[in-house]
Amino acid sequence: MAVICNTCGLPNDLCACGELEKDQTQIVVRIEERRFKKKGTMIEGVNPKMNDLGKVVKELKARYACGGTVKEGYIFLQGDHRDTIKATLVKLGFPEASIEVH
């Protein structure tokens with residue numbers, strides 16, 4: 001028996017709710033200075049209900065060889081990665097038009 005999506009009512013293999021949600025999100029990437037003038041990249045706007053933030057942060061940490069964490073709906077990576085983070089998020093499946101880098 002097919003499992004039915006709670007949001008759209010279609011079977012899970014035909015459901016496109018996750019892709020539609022990714023198109024509607026507005027992701028903001030900015031730099032934040034922490035203690036001792038250490039810089040970090042903060043990624044806000046990724047919906048934790050529709051995206052597995054643990055998987056996303058694991059991919060980003062492996063790509064940039066840095067530490068990082070997920071807290072209260074945002075992703076924090078150690079270091080300044082603003083110059084290449086947009087291309088990496090696009091590779092992970094987020095639309096380029098919804099990513100804003102400050």
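This structure is a prediction, so every number in the text was calculated from the model and none was measured. (Residues numbered from 1 in each chain as written. Predicted model: local features only at pLDDT ≥ 70, side-chain atom pairs only at ≥ 80, totals over all residues. Heavy atoms only, no water.)

Colleague: What am I meant to see in the overall build of the chain here?
Modeller: The helix and strand tally for the chain stands at three helices and five strands. When its helices and strands are written in sequence order, the chain yields α-β-β-α-β-β-α-β. Looking at the chain residue by residue over its 102 residues, the buried ones come to 28%. In the chain, 47% of the contacts between residues at least 6 apart in sequence involve partners at least 24 apart. (Helix = DSSP H or I, 4+ residues; strand = E, 2+ residues; numbered from the N terminus. Buried < 20%, exposed > 50% of the residue type's maximum accessible area, 1.4 Å probe, protein only. Contact = heavy atoms within 4.5 Å.)

Colleague: Hey, could you run me through the confidence of the model for the chain in this one?
Modeller: Interpreting fine coordinate detail is not advised for predicted regions of low pLDDT. Scored by pLDDT, the chain comes out at a mean of 85, with 88% of its residues at no less than 70. Per-element mean pLDDT across the chain ranges from 62 in helix α1 (residues 17–24) up to 94 in strand β2 (residues 39–44). (pLDDT = per-residue confidence, 0-100.)

Colleague: Just checking my understanding: could you explain unusual backbone geometry for this structure?
Modeller: Peptide bonds are trans in most cases, and residues, glycine excluded, mostly fall at negative phi. Of note in this structure, K37 is not a glycine but carries a positive phi near 60°. For A65, which is not glycine, the phi dihedral falls at a positive 50°. Checked against the element boundaries, A65 lands in the loop between α2 (53–64) and β3 (68–71). A65 sits in the exposed class, given a relative accessible area of 73%.

Colleague: I would appreciate a short explanation of the sheet that holds β2 in the present structure.
Modeller: Taking strand neighbours across the sheet as the criterion, the five strands line up as β3-β4-β2-β1-β5 in an open arrangement whose pairing is mixed. Single-partner strands in this sheet number two, and they are β3 and β5 (99–101). Within the sheet, the average angular offset between the axes of one strand and its neighbour, ignoring direction, is 20°. In this structure, β2 lies alongside strand β4 (residues 74–78), joined through five bridges in antiparallel fashion. (Pairing = 2+ DSSP bridges. Axes fitted to C-alpha atoms, helices over the stretch in contact; angles between N-to-C directions.)

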